[in-house]
Amino acid sequence: MRKIWERIGLIFLNLFFIAACFIALVPILYAFSVSLNAEGSILGSDFSFIPRQLTLENYRAVIMDQPVLLWLGNTLILAVVSVFISLLISVPAAYSLSRFRFKGRKQVLRFLVLLHSFPAILSMFALYKLLSPLGLINSKLGLILIYIGTMAIFGVLNLKGYFDSVPVEIEEAAAIDGAGALQTVLRILLPLAKPALIVTALMVLIFVWNEYIYAITFLTGAQNYTLAAGLYSLQATEMRGSWPLFAAAAILVSLPILIIFFLTQKHMRSGLTAGGVKG
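Residues numbered from 1 in each chain as written. Predicted model: local features only at pLDDT ≥ 70, side-chain atom pairs only at ≥ 80, totals over all residues. Heavy atoms only, no water.

## Details of the nonpolar core
- In terms of nonpolar packing, the biggest core is built from 45 residues, with Leu143, Ile146, Tyr147, Leu205, Tyr214 and Phe218 touching the most fellow members.
- When residues in this core are grouped by element, the largest group, eight residues, is from helix H6 (residues 140-165).
- The two domains that each donate at least three residues to this core are domain 1 (2-55) and domain 2 (67-210 + 263-267).
- Here Leu205 is in contact with Ala79, Val83, Ile257 and Ile260, once residues within four sequence places are set aside. (Core = buried A, V, L, I, M, F, W, Y, C linked by side-chain atoms within 4.5 Å. Buried < 20%, exposed > 50% of the residue type's maximum accessible area, 1.4 Å probe, protein only. Helix = DSSP H or I, 4+ residues; strand = E, 2+ residues; numbered from the N terminus. Domains from an automatic or database assignment. Contact = heavy atoms within 4.5 Å.)

Next comes the structure, spelled out in structure tokens:
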């Protein structure tokens, strides 16, 4: 009898998650429908979730008539540099916080958690005052520094949790075999930490890809826009008939992240759960 109730509970749980996934997909399906709608209506009484007249003109217009590829290039530069430097900073910092017991270690961890939870909007004025004298306003370098400062903290916390889950005996065995500290980290710990590294890199990439507030504040001019800022400009400057174009652009710029996510999803569970281990 108990097994029957467990199966019934599992069925209802599965149905609940299926319904939740469907609800989460509704906005995406709606945007996809709008992007294929030849009539350009999204709120009128004649709007149909399944377009009566299908067209790919909005996708052609996004690629050919709008500087989306330029915005994509800007975003790729910011994303690649931010991911690389964030990992370059996070790995040694996380390893040090995980393996070494030095004075003030707990205070450093608490301070990092506090910084990571600090609302971004509250730092705008301070960041502007810091970047302006250096000539980094309306500069990719300035935005990269902001992104690194924001996401390197996440990388340190996530990777520190993963390093905590790796037994110290592995490093001791490597030391007995004659491996130095650098060799141990590069040849043993980093391969073991591959899931956490992928998750950290993916999270930084998603943050930079979707980030809007910093981009619209510190970058001006369509030639400097990121994808998030550029998409907003499509909707804000061309109110009439711009929603299908906006929807098509949103679908297109989401595809690279979606593809990367599916390619790396097998590493997501182990990377996220191991990064949550308490040190």
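## Thoughts on unusual backbone geometry
- Look at Asn138: it is not a glycine, yet its phi comes out positive at around 60 degrees.
- Along the chain, Asn138 falls in the loop between helix H5 (124-131) and H6.

## Digging into the packing of helix H7 (residues 168-176) against helix H8 (residues 181-192)
- One can describe the packing of H7 onto H8 by two numbers: an axis separation of 11 Å at closest approach and a directional angle of 150 degrees. Judged by the angle between their axes, H7 and H8 are roughly antiparallel. With respect to the hand of their crossing, H7 and H8 are arranged in right-handed fashion. Contacts between H7 and H8 involve Ile170, Glu171 and Ala174 from the first element and Thr184, Ile188, Leu189 and Leu192 from the second.
- Split into classes, the residues belonging to the contact of H7 with H8 amount to five nonpolar, one polar and one charged. (Axes fitted to C-alpha atoms, helices over the stretch in contact; angles between N-to-C directions. Parallel < 35°, antiparallel > 145°, perpendicular 65-115°, else oblique. Left-handed = near helix turned anticlockwise from the far one by under 90°. Nonpolar A, V, L, I, M, F, W, Y, C, P; charged D, E, K, R; others polar.)

## Points about the packing of helix H3 (residues 68-99) against H6
- Relative to each other, H3 and H6 sit at 40 degrees, their axes nearing to 6 Å. When the axes of H3 and H6 are compared, the crossing they make is right-handed.
- Per-class residue counts for the contact of H3 with H6 are 19 nonpolar, six polar and four charged.

## Overview of the confidence of the model for the protein
- Here the protein shows a mean pLDDT of 80. Residues at 70 or above account for 87%.
- At the low end of the mean pLDDT range in the protein sits helix H12 (residues 243-275), at 75; at the high end sits H3, at 89. (pLDDT = per-residue confidence, 0-100.)

## Thoughts on the side chain of Thr226
- You can see Thr226 is positioned in the loop between helix H10 (213-218) and helix H11 (227-237).
- If sequence neighbours within four positions are ignored, Thr226 has contacts with Trp71, Thr75, Leu78, Leu143, Glu211, Ala215 and Leu219.

## Points about the environment of Leu258
- With respect to the helices and strands, Leu258 occurs in helix H12.
- Note: C-alpha distance between Leu258 and Ile206 (52 residues apart in sequence) is 9.9 Å.

## Quick notes on the pattern of salt bridges
- Per the stated rule, a full pass over the model turns up three salt bridges.
- The salt bridge partner of Asp65 is Arg60, with a shortest N-O separation of 3.0 Å.
- With relative accessibility at 47%, the residue Asp65 sits in the partly exposed group.
- By relative accessible area, Arg60 is classed as partly exposed at 38%.
- For Asp164, the salt bridge goes to Lys160, with nearest N and O atoms at 2.8 Å. Here Asp164 and its partner Lys160 are both found in helix H6, four residues apart, which amounts to about one turn of the helix.
- Classification of Asp164 as partly exposed rests on a relative accessible area of 23%.
- Residues participating in the shared-partner salt-bridge network are Glu57, Arg60 and Asp65. (Salt bridge = Lys/Arg side-chain N within 4 Å of Asp/Glu carboxyl O.)

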